Amino acid sequence: MAGQPGTAGTPCPQCGSSLPVNARFCAACGHLLTTRQAEQRPAQPAAFVHSAPLPVTPSEVRLAGPGVRCCSFLLDLAAMMSPALPLSIAGAVLGVAEVVYTVVPVAFAAVWAWMQIWQGLTGTSFGKAMLGLRLVRASDNRAPGVAAAVVRSGIFLVTLGLAALPVLTNPARTGLHDRVSGTAVLDVTTGANPLGPRQQTILRRSADRSLNRVYSPVSAAATPRRG
């Protein structure tokens, strides 16, 4: 039998005529195609298929240096203390001292807890996201988990930051809080990022030095010289 003009598809199960892709019935014999649309549904494009980050070798990762780690900590500290200023102003305006003595510490603790959950699940905090750092498990370079993040931060707070002093002198760049929690801080701007794509941040000099060059729109040869 003659198929439908201008289209080519699978044959009709009733008469063998060629059918369009989205046909609901055969134009030659009138056979109803109830399951055709489900059978002809196109496969999901590969670009939308979720895939886990590719594994990286130990030689591809870079430990973060002491300077950028200190800057990351200061940014995290500023984020945790950010509720203190507006709450203190509100307490002074309203004449309620309990706001300063009670609400401010609770707000600080809440931000700290939220940051440890964020850091434990994704390896990222506010300061680490801004400067291109990631907190990972030292054993397999995966996200550390909430428990490890809380232990690490708790040791740092209990020791008043002294746990991080070895970072300034230790060639391995690990502090007491890092060793006890089994974590490491990676620099994903200069090295590989085992938790996702490599990060380039505008707050730091990029790995490609040519990206930091600034070119003048006026040629130096065209600039008149003063005699």
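It should be emphasised that the depicted structure is a prediction, and the values quoted were computed from it without experimental measurement.

A. Highlighting a nonpolar patch on the surface. A grouping of Leu85, Ile89, Val93, Leu94 and Val96 is seen on the molecular surface, where their side chains present a nonpolar patch of about 510 Å² in accessible area. Within the fold, Val96 resides in the loop between α3 (84-94) and α4 (98-122).

B. Layout of the pattern of salt bridges. Across all of its chains, the model carries three salt bridges by this definition. Between Asp140 and Arg137 there is a salt bridge, and its shortest N-O distance comes to 2.6 Å. The structure contains a network of salt bridges with shared partners spanning Arg69, Arg152 and Asp178.

C. A look at the pairing of strand β1 (residues 133-137). Across the five residues of β1, four count as buried, placing the element largely inside the fold. Sheet topology places β1 next to strand β2 (residues 183-187); five bridges connect them, and they run antiparallel. Each bridged residue has a counterpart across the sheet, and for Val136 the counterpart in β2 is Ala184.

D. Up close: the environment of Gln119. Here Gln119 is to be found in helix α4. On the basis of relative accessible area, Gln119 is assigned to the buried category, the value being 4%. In this structure Gln119 touches Thr124, Ser125, Lys128, Leu135, Pro144, Ala149 and Arg152, once residues within four positions along its chain are discounted. Among the polar contacts listed, one links the side chain of Gln119 to the side chain of Lys128, at a separation of 2.8 Å.

E. Quick peek at the pairing of β2. For β2, a buried count of five out of five residues is recorded, marking the element as mostly surrounded by other parts of the structure. Residues Thr183, Val185 and Asp187 of β2 are buried on one face, and the alternating residues Ala184 and Leu186, pointing to the opposite face, are buried as well.

F. Structural view of empty space enclosed by the protein. Taken as a whole, this structure holds one cavity of 30 Å³ or more when the rule is applied. By volume, the largest cavity amounts to about 30 Å³. Together, Leu63, Arg69, Arg173, Thr174, Asp178, Thr183, Ala184 and Val185 line the largest cavity. No other element matches the three residues that β2 contributes to the lining of the largest cavity. Considering only residue class, the lining of the largest cavity consists of three nonpolar, two polar and three charged.

G. Spatial organisation of the packing of aromatic side chains. Following the criterion strictly, the structure yields two aromatic pairs and no others. Note on Phe73 and Phe156: the rings are 4.9 Å apart at their centroids and 55° apart in plane angle, and the pair reads as tilted. Here Phe156 lies in helix α6 (residues 146-158) and Phe73 lies in helix α2 (residues 66-81), a separation of 83 residues in the sequence. Centre to centre, the rings of Trp114 and Trp118 are 5.1 Å apart; their planes meet at 35°, and the pair counts as tilted. In this pair, Trp114 and Trp118 are both assigned in helix α4, four residues apart and thus about one turn of the helix distant. Assessed through its relative accessible area of 48%, Trp114 is described here as partly exposed.

Conventions we followed
Residues numbered from 1 in each chain as written. Predicted model: local features only at pLDDT ≥ 70, side-chain atom pairs only at ≥ 80, totals over all residues. Heavy atoms only, no water. Patch = residues over 30% accessible without salt bridge, like charges linked within 9 Å, V, L, I, M, F, W, Y side chains within 5 Å. Areas by Shrake-Rupley, 256 points an atom, 1.4 Å probe, with all protein chains shown as cover. Salt bridge = Lys/Arg side-chain N within 4 Å of Asp/Glu carboxyl O. Helix = DSSP H or I, 4+ residues; strand = E, 2+ residues; numbered from the N terminus. Buried < 20%, exposed > 50% of the residue type's maximum accessible area, 1.4 Å probe, protein only. Pairing = 2+ DSSP bridges. Contact = heavy atoms within 4.5 Å. Polar contact = N/O pair within 3.5 Å; in protein donor to acceptor, adjacent residues only side chain to side chain. 1 Å grid on protein atoms, 1.4 Å probe; cavity = no way out; pocket = protein on both sides within 12 Å on 5 of 7 lines; lining within 4 Å. Points joined across faces, edges and corners; volume = space filled by probe spheres on them. Nonpolar A, V, L, I, M, F, W, Y, C, P; charged D, E, K, R; others polar. Phe/Tyr/Trp six-rings, centres within 6.5 Å; stacked < 30°, edge-to-face > 60°.

Remember, this is a structural readout, not a statement about activity or role.
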